[in-house]
Amino acid sequence: MTKIENIKEKLVRYGQEHLIKYWDELTDQERVSLVDDINEINLEEVQSFFKRATSSLEESAKKLDDRMEAIPESTFMSTTRTDEEKLKVYENEGLTHIANNRVGVLLMAGGQGTRLGSTNPKGMFDIKLPSRKSLFRVQGERIRKLQELAKNHTGLDGHIVWYIMTSEHTMEPTKKYFRESNYFGLNKENIVFFEQGSLPCFDFDGKILLDEKHRIAKAPDGNGGLYRALRDRGILADMNRRKVQYLHAHSVDNILIKVADPIFIGYCAKQNADCAAKVVEKSHPNEAVGVVCMVDGRYQVVEYSEITQKTAEMKNADGRLKFNAGNICNHFFHADFLNKIGSIYEKELKLHVAQKKIPHIDSTGKRVIPEKVNGIKIEKFVFDVFEFAENFVSVEVARDVEFSALKNADSAGKDCASTSRNDIFKLHRRYIEKAGGKFTDKVQEVEISPLLSYAGENLEPLVKGKIFDTTTVHLTCPSELSIKNGHL
C-alpha cells in the first residue's frame, strides 16, 4: 500500500477523505505540504473535540444564576482597600522571590495587530507615546526595572524568566524584533519563545475545511492552548530545570500591565495559592466582561451572557455588585499546579466554539471568502483551569492603575490606541503629583520611562517642588537619551 493509500484509509475512517480530493492537481511540493498538515492532526482527537465543542453550545446557552456564588472574602484581597503596610509586606515577599530566580512571566503574544491596522504582531504596536515604545518594549523594560528593585531590596542579582507564547504567524517576526531591539537590555538566555498550538477549522457538519487545495484551514487553539503548549514545547521542563516556582501570565495588549507584580506574587505565595486571578470592579452591571465567581462550588469565569439581568444587578449590603470581579486575563500559577494541569487535567479542559467566516476551498475547487458565517473554530480559554485549583485566590486592582485594553482601531473610540495612551498619561501624571510635582494647564502628555520607575516609586528627588510647563513631559532614566522637550 502506498503512502497516499495509507493516508486515504485513515481519512475515510474519520470521514475526512475530501482533504485529498485535489491530490491529482497538486505539485510534488504541495503534496508534501498537505501530507504534513494531515499527519500533524490527531484525527480521532479533533473529531472528539468537534463533538464535545458543538454539544457544549446548548449547555452554554443555559443561564447559571441558580448555581453561582460570589467569591468568598477569605480568598479575596483588594489592593485599594488593604493598608499600605500589608501591601508592603506582600511586595517585599514578591521582590525576594524575584531576587531568588523563582519568578517567571508568561506573555500571551500570539495575536496580530490586524484590527489595529497593522500586519505586525500586536506586541510590536506603537500607540504613539512620546517615547514611541512598543508594547513589547514597555513590558520588557518593566521587567528590567523590577529586577533592579529586587536587587536593591535583597542584594541578590536575580532575574525573571520571560516566556513568550506566539502563534505560527507571529513567531518569526517577534523573534526578529527582539533581536533587533537587543532584547530591550535583558539577558536573551532568560527569554524563551514558544509557539501555541492550532486546531483545524470545521464546517457545521464536522468536515475539516481546506484553506488551499494543499493546505488545511487552521486557527490558534485559544489562550487556553497554553497548557498543552507549556507541556509539549518543553516549557514546564524548562521551568523545573530553572526552579521557577511562580508564573505571572497575561495578555500582551494591556499597556498598564504590572509585569510580575511583586504585590501579586507575594500575596499569592503567602496564601499558598496554586492559581489566582487579578480582577477589576465591573463598571456597571451590563459591562461585557466575564466575572470570576464560584459555580457548583468550583471557581469559574462566567460570561455576561450566561446570567440574567436580575442577577447581574444584584448588590451586597455595601452597595457593590454581588458579581463584581471582572476578569482581565491576568493570572498567577504555581509551577506544581501547571505540571498537574499538563499531566492530568489538560485533556479535560472545556472547549468553546467560535462561529466564523472562514476562507476555504468550496465544492467546485474555488477558494472563497464567505460573506456570512460558514464554520467553527474551536478554542480553549486560559481561565478554564480555575475549577481544578485546590487553593484559588483573587486580587482586585484599580482599573485606572492596571487595566487598559488595546483591542480596536482608534475609530472605535474604546479600547484603542488613544484610550491606552491617555490612560498612561493620566496614571503617570498622578505618580508625579503624588511625588510632589505639579503641572500647568499647558501639559498634555506625561510619560515616565519604565527604566526610571516601575510603579511611581523613587520619583521625589526628581520632581518634588517642580512645576512642569511643557506640552510633553517625558521622564527618562539617565541611561536613556534625552531627545524630547520635557525630558529629565
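For the structure, check the block above.
Read on for an overview of the structure. Predicted model only: the values in this text are computed from it and were never measured.

## Section: the nonpolar core
Soluble globular proteins tend to pack their nonpolar side chains together in the buried interior.
And step 1. Among the nonpolar cores identified, the biggest contains 46 residues, and Phe-136, Leu-146, Trp-162, Ile-164, Phe-178, Ile-191 and Phe-332 are the most heavily contacted of them.
And step 2. Examining the composition of this core, we find that six residues originate from one element, helix H9 (residues 262-270), more than from any other.
And step 3. The residues touching Phe-332, leaving out its near neighbours within four places in the chain, are Tyr-246, Leu-247, Phe-264, Ile-265, Cys-268, Ala-273, Asp-274, Cys-275 and Ala-276.
And step 4. With 41 residues, the next largest nonpolar core counts Tyr-163, Met-239, Ala-249 and Val-279 among its residues.

## A closer look at the packing of helix H4 (residues 84-99) against helix H5 (residues 135-154)
And step 1. Running from N to C, H4 and H5 cross one another at 100 degrees; their axes reach a closest spacing of 8 Å. One element, H4, and the other, H5, form an angle in the roughly perpendicular class. Taken together, the residues of H5 that come into contact with H4 (itself represented by Asn-92, Leu-95, Thr-96, Ile-98 and Ala-99) are Leu-146, Leu-149, Ala-150, His-153 and Thr-154.
And step 2. Residue composition of the contact of H4 with H5, by class: six nonpolar, four polar and no charged.

## Thoughts on the pattern of salt bridges
And step 1. This structure, assessed with the given rule, holds 30 salt bridges.
And step 2. Among the salt bridges present, the one from Asp-253 reaches Lys-407, with a minimum N-O distance of 2.8 Å. Of this pair, Asp-253 sits in the loop between strand E10 (246-251) and H9 while Lys-407 sits in the loop between helix H12 (399-402) and helix H13 (417-434), and the two are 154 residues apart along the sequence.
And step 3. Among the ionic pairs, Arg-320 bridges to Glu-281, the shortest N-O distance being 2.8 Å. Residue Arg-320 is located in the loop between helix H10 (309-312) and strand E14 (325-334), and its partner Glu-281 is located in strand E11 (residues 275-281); the two are separated by 39 residues in the primary sequence.
And step 4. Through salt bridges with shared partners, a single network forms among Glu-45, Arg-228, Glu-346 and Lys-380.

## So, helix H2 (residues 28-40)
And step 1. Taking 1.5 Å per residue, 13 residues should reach 18 Å; H2 reaches 19 Å between its end C-alpha atoms and fits that length.
And step 2. For H2, the full list of buried residues reads Leu-34, Val-35, Asp-37 and Ile-38. Seen along its axis, H2 keeps its buried residues to an arc of 160 degrees; they face one direction. In H2, those exposed residues whose orientation departs by more than 90 degrees from the buried face are Asp-28, Gln-29 and Glu-40.

## Focus on unusual backbone geometry
And step 1. The phi dihedral of Asn-101 falls on the positive side, at around 65 degrees, and the residue is not glycine.
And step 2. Secondary-structure assignment places Asn-101 in the loop between H4 and strand E3 (103-108).
And step 3. Looking at Asn-101, the relative accessible area reads 27%, which means it is partly exposed.
And step 4. The residue Arg-132 is not glycine, and still its phi comes out positive at about 60 degrees.
And step 5. Its location among the elements puts Arg-132 in the loop between E3 and H5.
And step 6. Looking at Arg-132, the relative accessible area reads 47%, which means it is partly exposed.

## Brief notes about the pairing of E11
And step 1. Within E11, six of the seven residues are buried, which leaves it mostly tucked inside the rest of the structure.
And step 2. Direction of pairing for E11 relative to E14: antiparallel, over a ladder of six bridges. Counted as the bridge partner of Glu-281 is Ala-325 from E14.
And step 3. For E11 and strand E19 (residues 392-396), the ladder comprises five bridges, and the chain directions are parallel. Residue pairing in the sheet places Ala-276 in a bridge with Val-393 of E19.

## Regarding the pairing of strand E12 (residues 291-295)
And step 1. For E12, the tally of buried residues reaches five of five residues, placing the bulk of the element in the interior.
And step 2. Neither face of E12 is exposed, since Val-291, Cys-293 and Val-295 on one face and Val-292 and Met-294 on the opposite face are all buried.
And step 3. Relative to E12, strand E1 (residues 68-69) runs antiparallel, the two being bridged by two bridges. Counted as the bridge partner of Glu-69 is Met-294 from E12.
And step 4. Alignment of E12 against strand E13 (residues 298-302), held across five bridges, turns out to be antiparallel. Note that in E13 the partner of Cys-293 across the bridge is Gln-300.
And step 5. In this antiparallel pair of consecutive strands, E12 and E13, the connection spans two residues, and Asp-296 shows a positive phi of 55 degrees.

Scoring rules and cut-offs
- All residue numbers here refer to positions counted from 1 along the written sequence of the relevant chain.
- Per-residue local features are limited, in this predicted model, to residues with pLDDT of at least 70; the limit for side-chain atom pairs, both in listing and counting, is 80 or more; totals at the level of whole chains, interfaces and linings are taken over all residues.
- Side-chain calculation: all heavy atoms of the structure are included, whereas hydrogens and water are not.
- What is meant by a nonpolar core is a set of buried Ala, Val, Leu, Ile, Met, Phe, Trp, Tyr and Cys residues, joined one to another through side-chain atoms within 4.5 Å.
- Exposure categories follow from relative accessible area, calculated using a 1.4 Å probe and restricted to protein chains: below 20% of the type maximum is buried, above 50% is exposed, and the middle band is partly exposed.
- Under the scheme used here, helices are H or I runs from DSSP no shorter than 4 residues and strands are E runs no shorter than 2 residues, and both carry numbers assigned from the N terminus.
- Here a residue-residue contact requires only that any non-hydrogen atoms of the pair lie within 4.5 Å.
- Think of each axis as a best-fit line through the C-alpha atoms, taken over the contacting stretch in the case of a helix, with angles from 0 to 180 degrees between the N-to-C directions.
- Angle categories are assigned with fixed cut-offs, so that under 35 degrees is roughly parallel, over 145 is roughly antiparallel, 65 to 115 is roughly perpendicular, and the rest are oblique.
- Amino acid classes used here: Ala, Val, Leu, Ile, Met, Phe, Trp, Tyr, Cys and Pro are nonpolar; Asp, Glu, Lys and Arg are charged; the rest, including Gly, are polar.
- Throughout this description, the term salt bridge denotes a Lys or Arg side-chain nitrogen within 4 Å of a carboxyl oxygen of Asp or Glu.
- How far a helix is expected to stretch is found by multiplying one less than its residue total by 1.5 Å.
- Regarding the arc, it is the one traced by the directions from the helix axis to the C-beta atoms.
- In this scheme, strands are said to pair when DSSP sees at least two bridges between them.

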